Amino acid sequence: MLMSVPMWLTYDLSPVVWTLLAVALCAVVTLVAITLTRIHRVTSRAATDNAACEDDVSSTHPDYASPLPPVSVIIYACGHSRTLPPLAEAILAQDYPSPFEVIVVNDGGDHTVHDSMQRLMLSHPNLYMTFVPEHSRSLSRRKLSLTLGIKAAEYDTVLLTRGNCMVNSSNWLRSMMRHVAQGAEIVVGHAYLSADDDRPIDRLTAFDEAWQAVTYLPRAINGRPFRASGCNLAYARHLFFDHKGFSGSLNIKSGDDDMFVYDMARGLSDEFASSTAVELSEDSMIRIIEDDPAHSHARLMRERLFADSTLPTRPALIMGLCSLSLWIWLLCSAAAIALALPSLVPAISVALMLVPLLVMIIKWRKAVLILSRRRLGGTLPLLLLWHPVYHLAHKLSAHRHRKENFTWN
């Protein structure tokens with residue numbers, strides 16, 4: 001006599017339920033495969049760079065590594081009277097065996113900034129300062145400032161940052177310039193917003209920073225960058241003049257770093273892959289200091305979303321597919337469980353699908369810790385779900401404020 005199967009274990013489910021489970025499984029596979037691949041590239045590069053920096057610092061043999069090149073550090077300052085002096089002091093105190101200079105370009109000639117830099121220049125002959133006149137209009141003042149700084153640079157390699165930043169280590173120059181010593185002409189570093197608060201919006205901001213980095217860094221690691229942070233970017237000075245500086249983006253106020261790097265990638269073709277490097281060690285990281293990090297991040301998002309129309313869309317579409325896949329999995333799983341009751345077979349199937357998702361979440365936590373220096377804990381699943389809504393809201397905001405991005409406003 002055949003034993004009857006308990007109702008809660010029956011497999012006699014409708015085709016709709018099986019279809020929903022199949023779609024949920026495909027969504028999980030897509031989400032996990034894409035996400036883990038991209039996160040692995042970033043975290044592996046960070047681990048490799050950390051190990052290389054430790055070996056470089058600990059080695060005392062004079063022939064251990066290639067001689068580090070001289071470098072001109074250009075700091076764009078725009079009213080950063082509170083953060084600029086400690087940044088300049090930290091850069092001037094770098095443990096760097098080769099000559100380097102620091103050029104501060106003061107946007108608008110802030111007298112507070114001028115006075116603090118004058119005091120430092122008395123004791124540091126490699127510190128220089130210039131400024132952009134306040135009456136300059138109908139142009140991007142930052143692009144003009146950087147152009148003046150790069151023209152004034154003495155050395156063949158320039159390293160860009162901003163006055164509202166802070167280096168994490170006395171080996172920042174070493175970590176960025178070791179790639180130039182190995183033949184790279186562009187070094188893409190990483191910068192993140194420093195937030196002391198632990199509000200939900202600060203956690204969401206930290207996660208979005210990591211999300212954006214995982215979107216664009218894998219392509220840069222493969223030698224085809226299309227985005228870079230002007231707070232931590234180095235390149236050969238001649239490339240700036242070979243590509244006529246920021247001539248391709250004179251009509252917009254921001255997004256010039258992304259467009260400039262992308263234009264060089266297209267211009268140099270195959271040889272560009274071997275002359276580009278990404279540096280993600282802890283020593284190389286730059287902290288961006290803002291009074292309201294969430295507001296600053298929102299403004300930066302609007303600027304970058306505006307510039308995205310001129311940049312490759314495939315990486316963003318791939319990451320967008322990840323967000324869509326997560327929601328498809330959640331909705332299909334919930335519908336399958338509800339339609340199959342009292343059978344718990346779909347619920348058991350969904351529970352098994354949670355295993356790769358948990359692995360993905362663990363990897364995301366590691367990536368956020370590396371890229372944003374934040375521990376998100378158990379809130380990360382909620383941030384993953386809410387992120388597409390957050391991104392869509394800023395995309396709509398960027399569209400409404402798009403006129404503000406042009407220099408004639």
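What counts and what doesn't
- Residues numbered from 1 in each chain as written.
- Predicted model: local features only at pLDDT ≥ 70, side-chain atom pairs only at ≥ 80, totals over all residues.
- Heavy atoms only, no water.
- Helix = DSSP H or I, 4+ residues; strand = E, 2+ residues; numbered from the N terminus.
- Buried < 20%, exposed > 50% of the residue type's maximum accessible area, 1.4 Å probe, protein only.
- Contact = heavy atoms within 4.5 Å.
- Areas by Shrake-Rupley, 256 points an atom, 1.4 Å probe, with all protein chains shown as cover.
- Arc of directions from axis to C-beta.
- Pairing = 2+ DSSP bridges.
- Core = buried A, V, L, I, M, F, W, Y, C linked by side-chain atoms within 4.5 Å.
- Phe/Tyr/Trp six-rings, centres within 6.5 Å; stacked < 30°, edge-to-face > 60°.
- Expected span 1.5 Å × (residues − 1).
- Patch = residues over 30% accessible without salt bridge, like charges linked within 9 Å, V, L, I, M, F, W, Y side chains within 5 Å.
- Salt bridge = Lys/Arg side-chain N within 4 Å of Asp/Glu carboxyl O.
- Axes fitted to C-alpha atoms, helices over the stretch in contact; angles between N-to-C directions.
- Disulfide = S-S within 2.5 Å.

Quick notes on the overall build of the protein chain
Here comes step 1: When its secondary structure is counted, the protein chain shows 13 helices and ten strands.
Here comes step 2: For the protein chain, with 409 residues in total, the buried portion stands at 52%.
Here comes step 3: Counting contacts in the protein chain only where the partners sit at least 6 residues apart, residues at least 24 apart contribute 85% of the total.
Here comes step 4: For the protein chain, the exposed area adds up to about 19,200 Å²; of that, 60% sits on carbon and sulfur atoms.

A short note on helix H2 (residues 84-92)
Here comes step 1: Along H2, the residues that are buried comprise Leu84, Pro85, Leu87, Ala88, Ile91 and Leu92. All buried residues of H2 fall inside an arc of 165° around its axis, so they share one side.

Focus on the pairing of strand E10 (residues 286-289)
Here comes step 1: Burial along E10 is one-sided: Ile286 and Ile288 are buried, while Arg287 and Ile289, pointing the other way, are not.
Here comes step 2: For strand E5 (residues 165-167) and E10, the ladder comprises three bridges, and the chain directions are antiparallel. Across the sheet, the residue bridging to Met166 is Arg287, located in E10.
Here comes step 3: Strand direction decides the pairing type here: strand E7 (residues 191-194) and E10, joined by four bridges, are parallel. Bridging from a neighbouring strand, Ala191 pairs with Ile286 of E10.

Here we look at the nonpolar core
Here comes step 1: Residues Tyr235, Trp329, Trp364 and Leu384 are the most contacted members of the largest nonpolar core, which totals 76 residues.
Here comes step 2: Looking at this core element by element, the count peaks at twelve residues for helix H1 (residues 15-58).
Here comes step 3: With 36 residues, the next largest nonpolar core counts Tyr96, Leu120, Cys165 and Met166 among its residues.

Here we look at the packing of aromatic side chains
Here comes step 1: Evaluated as defined, the whole model comprises five aromatic pairs.
Here comes step 2: Taking the centre distance of 5.9 Å and the plane angle of 55° together, the rings of Phe207 and Trp211 count as tilted. Here Trp211 and Phe207 lie together in helix H6 (residues 200-221), a separation of four residues that amounts to about one turn. Both residues of the pair, Phe207 and Trp211, belong to the buried class.

Quick notes on helix H11 (residues 314-340)
Along an α-helix, residues three or four apart share an orientation, since each turn contains 3.6 residues.
Here comes step 1: Compared with an ideal rise of 1.5 Å per residue, which puts 27 residues at 39 Å, H11 spans 38 Å between its outermost C-alpha atoms and is within 8% of the ideal.
Here comes step 2: Residues of H11 that are buried include every one of Pro315, Met319, Cys322, Ser323, Ser325, Leu326, Trp329, Cys332, Ser333, Ala336 and Ala340, and no others.

Some details on the side chain of Thr215
Here comes step 1: Structurally, Thr215 is set in helix H6.
Here comes step 2: For Thr215, a relative accessible area of 6% puts it in the buried group.
Here comes step 3: In this structure, Thr215 is in contact with Arg38, Pro315, Ala316 and Met319, ignoring residues within four places of it in sequence.

Quick look at a nonpolar patch on the surface
Here comes step 1: A grouping of Leu341, Leu344, Ile348 and Leu352 is seen on the molecular surface, where their side chains present a nonpolar patch of about 380 Å² in accessible area.
Here comes step 2: Mapped onto the fold, Leu341 is located in the loop between H11 and helix H12 (345-372).

A few points about the sheet that holds E7
Here comes step 1: Strand order in the open sheet formed by three strands is E5-E10-E7, with mixed pairing between adjacent strands. Only two strands of the sheet have a single partner each, and these edge strands are E5 and E7. Recorded for the sheet is a direction-independent mean angle of 35° between the axes of neighbouring strands.

Focus on the state of the cysteines
Here comes step 1: Per the counting criterion, the structure on display carries zero disulfides.
Here comes step 2: No disulfide involves Cys26; its sulfur sits 9.8 Å from that of Cys332, the nearest cysteine.
Here comes step 3: The thiol of Cys231 is not disulfide-bonded; the next cysteine sulfur, from Cys165, is found 3.7 Å away.
Here comes step 4: With a relative accessible area of 5%, Cys231 lands in the buried category.

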